[in-house]
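One-letter residues, chain by chain:
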Amino acid sequence: MQSDLMLPPAPIAPQVYQARRARLMQKLPSHSAALIPGACLVTRSRDSEYPFRQDSDFYYLTGIVEPDALLVLLPDGSDQGGQSVVFCLDRDPTMEAWTGRRLGAEGVMREHLIEQAFENAEREKQLNNLLGGREMLYFPLSNPEAQRLAEQAYRQAQAAQRRGHPTLQGWLDIAPLIHSMRLIKGEEELTLLRHAAAISARAHCRAMRVAAPGLHEYQLQADLEHEFVWQGGSGPAYSTIVGSGANACVLHYIENAAPLKAGELVLIDAGAEYALYAGDITRTFPVSGVFSTPQRALYSLVLEAQKNAVAAVRPGTTLNEIHQGVVEDLTKGLIALGLLEGELDECIKAESYRRFYLHSTSHWLGLDVHDVGTYRLDPDTPRPLEAGMVITVEPGLYIPNDDDIPDDYRGIGIRIEDDVVVTAEGHEVITSDVPKEMDDIEALMANK
């Protein structure tokens, strides 16, 4: 089994995070400060917690994976951007005996190239000193802990004003600035995304080989998630979807409890998380290893739309244009199969295809599976793709069990999803290691 292990990529160097902080501070006025809290442990039941997962924005700027941390940015208008300060867990030998080593202030500065660090026991005193005289605060407005810290800083500033010091004038959301940076991936991020994609692809191939009538959906889920962790991932990047038969028509089906039946398809939407970066693949294949004629007809339609959409990915195009191409391909095919009636343009204008295709074709991918970044430059202008963006391409068809649907097509759900990097020349599909051509899927499943 050791030969099955993939060679892990190098982690992102501390200097990369340091450069990100400098770039962010260069976007802020010199009289401001920024507060970006990390994530906290969350109780699962009584005295046990969910596995810790760091806040993506905080991680993007620090690389620190400990809970209960806080990043403070103090821009100064220089080429270096300013000073970074981190508050972290207190060193505590008793707690470290139970839960593991803590970095402490010295470890944070040494291992993460932070200019100044304090343990949380000093947070209230030191934070007041750091923010004194700053006129504007930036923080993620949706973060309750950041909001609490900002309100505390405001009260302190009011007291300072009465003593003749400059006052804090207000606050602004820093999330859009961070998210615009995260939207364009550097090469070190693309390396991790490729690795997450490769792990995810291996897991999907494994599930195809294992699938057979009589197993349950959760058993395929177990094989997928075993591969994620076996290859060094933290587990699934999102709740694994294994939907067989009509369950595939439920877009976010996660019960994964039904038996796999001969003659049905199974849709798997699953991806590994590696170093906090997400893979996201969907494949649909026959439980018994062979597509039926009606299944082939619908699958061919989705596959053609998906391949055309991937081919359209390049700098300058928009996700809206890619989606409209998918809508046209699917609608044309649905008319040809008799599932829609009318002229192509009329069906598209009336959105009658939405009975069978309910979602958009793409989303950003990165530290979050539905990654950050706006999809429009303004309400009327879709954002054009740029080199370094990473997207999914995932058309699908979901045929309801309704009386007016031909029996052969009822209850069939099909989605095909790949992860695609936008390059200067066009695109790179990073999930091509798992087959999507029907003949290739059948061949893989025959080779148990």
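The structure under discussion appears in the preceding block.
It should be emphasised that the depicted structure is a prediction, and the values quoted were computed from it without experimental measurement.

Quick look at the nonpolar core
Counting 107 residues, the largest nonpolar core has I36, I268, F285, L385 and L397 as the members making the most contacts within it. For this core, the element with the highest residue contribution is helix 8 (residues 187-210), accounting for 12 residues. Residues within four places of I36 in sequence aside, it is in contact with D57, F58, L61, L70, L71, L73, P140, I174 and I178. Ranked by size, the runner-up nonpolar core spans 19 residues in total, among them V72, L74, L127 and L137.

Section: the packing of aromatic side chains
Under the definition given, this model contains 6 aromatic pairs. Relative to W171, the ring of F139 has its centre 5.7 Å away and its plane inclined at 65 degrees; by these criteria the two rings are edge-to-face. One end of the pair, F139, is in strand 7 (residues 136-139); the other, W171, is in strand 8 (residues 170-173), and 32 residues separate them in sequence. A relative accessible area of 0% means that F139 is categorised as buried. By relative accessible area, which is 28% here, W171 ends up partly exposed.

Some thoughts on the environment of E66
Here E66 shows up in the loop between helix 2 (56-62) and strand 4 (70-75). With relative accessibility at 11%, the residue E66 sits in the buried group. If near-sequence neighbours (up to four positions away) are discounted, E66 is found in contact with F52, Q54, C88, L89, R101, R102 and L103.

Thoughts on the side chain of R283
Along the chain, R283 turns up in strand 14 (residues 281-286). For R283, the side chain forms a polar contact with the main-chain oxygen of E417, separated by 2.8 Å.

Topic: unusual backbone geometry
At R46, a residue that is not glycine, the phi angle is positive and equals roughly 50 degrees. Its place among the elements puts R46 in the loop between strand 2 (43-45) and strand 3 (48-49). Its identity is not glycine, yet A275 carries a phi of approximately 50 degrees, on the positive side. Its place among the elements puts A275 in the loop between strand 12 (272-274) and strand 13 (277-278).

Examining helix 11 (residues 319-336)
Its 18 residues place the ends of helix 11 26 Å apart at the C-alpha level, agreeing with the 26 Å of an ideal helix rising 1.5 Å per residue. When helix 11 is considered as a whole, its buried residues turn out to be L319, I322, H323, V326, V327, D329, L330, T331, G333 and L334. Tucked inside the fold, the buried residues of helix 11 contact helix 10 (293-311), helix 12 (344-350), strand 17 (390-393) and strand 18 (396-398). Downstream of helix 11 by a residue or two, G338 has a phi angle that is positive, lying close to 80 degrees.

Procedures and definitions
Residues numbered from 1 in each chain as written. Predicted model: local features only at pLDDT ≥ 70, side-chain atom pairs only at ≥ 80, totals over all residues. Heavy atoms only, no water. Core = buried A, V, L, I, M, F, W, Y, C linked by side-chain atoms within 4.5 Å. Buried < 20%, exposed > 50% of the residue type's maximum accessible area, 1.4 Å probe, protein only. Helix = DSSP H or I, 4+ residues; strand = E, 2+ residues; numbered from the N terminus. Contact = heavy atoms within 4.5 Å. Phe/Tyr/Trp six-rings, centres within 6.5 Å; stacked < 30°, edge-to-face > 60°. Polar contact = N/O pair within 3.5 Å; in protein donor to acceptor, adjacent residues only side chain to side chain. Expected span 1.5 Å × (residues − 1).

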